[in-house]
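Inside the fold
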Amino acid sequence: MLALLLCAWMALATQDDVRLPLDTPSRWLPGAEGVTPLPTLGGQGSLAVYPVGGPVHVWHGRAELEVGLVGFGPKVAWTGGLSTETVADDRNSIDFRLVRLFYDAHQEVRVGLGPGVAHIGYRHRCSHGADDAVPDRILIRSGPAVGWLGEWRLDRWTLRAGGDLEWTLLGQNPDTTFQPRGLLDGVGAAELHVSGSLGWTLASGLGALLVGQDASWWWGPTAPLGPTRLVALPSIATGPVVHGSGGDVRALVHLQRLADSGVGPVTDPVTLLSIRVEFAPSSQPVSSGGTSPGNRSMRKN
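Residues numbered from 1 in each chain as written. Predicted model: local features only at pLDDT ≥ 70, side-chain atom pairs only at ≥ 80, totals over all residues. Heavy atoms only, no water.

Section: unusual backbone geometry
Rule in force here: Strands are runs of DSSP state E lasting at least two residues, helices are runs of H or I lasting at least four, and both sets are numbered from the N terminus onward. Only protein chains enter the area calculation, which uses a 1.4 Å probe; residues under 20% of their type maximum are buried, those over 50% are exposed, and those in between are partly exposed.
A cis amide bond links Leu-20 to the next residue, Pro-21, at an omega of -10 degrees. Summarising the element assignment, Pro-21 is placed in the loop between helix H1 (2-6) and strand E1 (35-52). For Leu-38, which is not a glycine, the phi torsion comes out positive at approximately 45 degrees. For Leu-38, a relative accessible area of 41% puts it in the partly exposed group.

The following block contains the structure:
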C-alpha cells in the first residue's frame, strides 16, 4: 500500500534542502469550474556540473513527473508526482561513476489564497548510495508540510516570495547525533523581463533545520528530540531564463548549503556550487493538450 501511495505523490525537490528558483505558484491550479479529473500533466529536468562540490559531486541529472490528480473548481487542486536525481563523480575509467541516488515524493492540496497559492500535504525524501561506490548512509525524512508562495507583477518585474514548514515524523540516519526534525525556510525571487521571451532571475532562500539526537538510528512520531540545535541552510541562484510556448529553460549559477551529503559514516554537511541547465515544460491539460490557465500566466510579453 505504501508503494502505491508513493507512486502518486508529487516531487518538490531531491537533494536540495531549499529549492531555487521559484516557479509561478498558480501553474497547477485547474482554472476550470467543477470537479476536473487529471486537469494537468507536466514535469521538469535538470543537468548540472559542480566546479566546487563535495567528495562525490561532479555532475547530476534530475527528472520529475508532476500530475494534477483532481481539480475542485478553478483554485483548488490535489496534486501528486515523483522525482529522482543521480549524483556522479569521475573516479573510474569512463570518468562517470554513479555514487548517490535521491528520491522525493509528495502529495498535497493546493488552494489559491490572495496573490499566491497555499499548500498542505505530506512529503517523503530518501537518499542512498549506488553500487557501493563509496561508504554511505541511507537518509530518510518523511512527514507533513505546509506553505505559501505569492507572486506580484510590477512593470517588467515578476516577484515571488513565500515559505514552507516541514516536520519529520519518520526519519533515518545511522549517525544518531544528527536527526533532522523540522525545516522552516523562506524564499524569494525577482525576474527582470528583458524581452518577450528572455528574462534574468535572481533567487535566494534561507532554511533553519532543527536537529535533534537520540540513541536509535531511526525515529518515529513519539521519539524524543534529545539535545537540539539549529542549522542554517542558505541558497542562491541566478541566470537567464528563456520563456517559450512549450515551457521555460534556465541556465543558472547555483550555490547552496546541504545539511548532509550522506557520504561517509557520520553527517557530512557540504557547500555546493553548480552550473545548471533546467527544463520546465508548460503544464498541460490532459484532456485537450493546450496550455493550462494557470501556466499561461507564466508567459511574459
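That shown, we press on.
Re the environment of Ala-48
Stated formally: Every residue pair with non-hydrogen atoms within 4.5 Å of one another is taken to be in contact.
Examined against the element boundaries, Ala-48 turns out to sit in strand E1. With 230 residues separating them in the primary sequence, Ala-48 and Glu-278 have C-alpha atoms 8.5 Å apart. Not counting residues up to four positions away in its chain, the partners in contact with Ala-48 are Val-58, Trp-59, His-60, Ser-274, Ile-275 and Arg-276.

Comments concerning the nonpolar core
Let me state the cut-off plainly: To define a nonpolar core, start from buried Ala, Val, Leu, Ile, Met, Phe, Trp, Tyr and Cys residues and group those joined through side-chain atoms within 4.5 Å.
Counting 14 residues, the largest nonpolar core has Leu-20, Leu-22, Phe-178, Val-187, Leu-209, Leu-233 and Ala-259 as the members making the most contacts within it. Broken down by secondary-structure element, the contributors of at least two residues to this core are strand E9 (179-193), strand E10 (198-212) and strand E12 (229-244). Residues within four places of Val-187 in sequence aside, it is in contact with Val-18, Arg-19, Leu-20, Leu-22, Arg-160, Ala-161, Gly-162, Ser-204 and Gly-205. One finds Val-56, Val-99, Val-134 and Val-263 within the second-largest nonpolar core, a separate group that totals six residues.

Section: the pairing of E12
Where we set the bar: A pair of strands counts as paired when DSSP detects no fewer than two bridges linking them.
When E10 meets E12, the two strands line up antiparallel, connected through 14 bridges. Directly across from Val-211, in E12, lies its bridge partner Arg-229. Examined bridge by bridge, E12 and strand E13 (residues 247-258) share eight bridges and lie antiparallel to one another. Across the sheet, the residue bridging to His-243 is Asp-248, located in E13.

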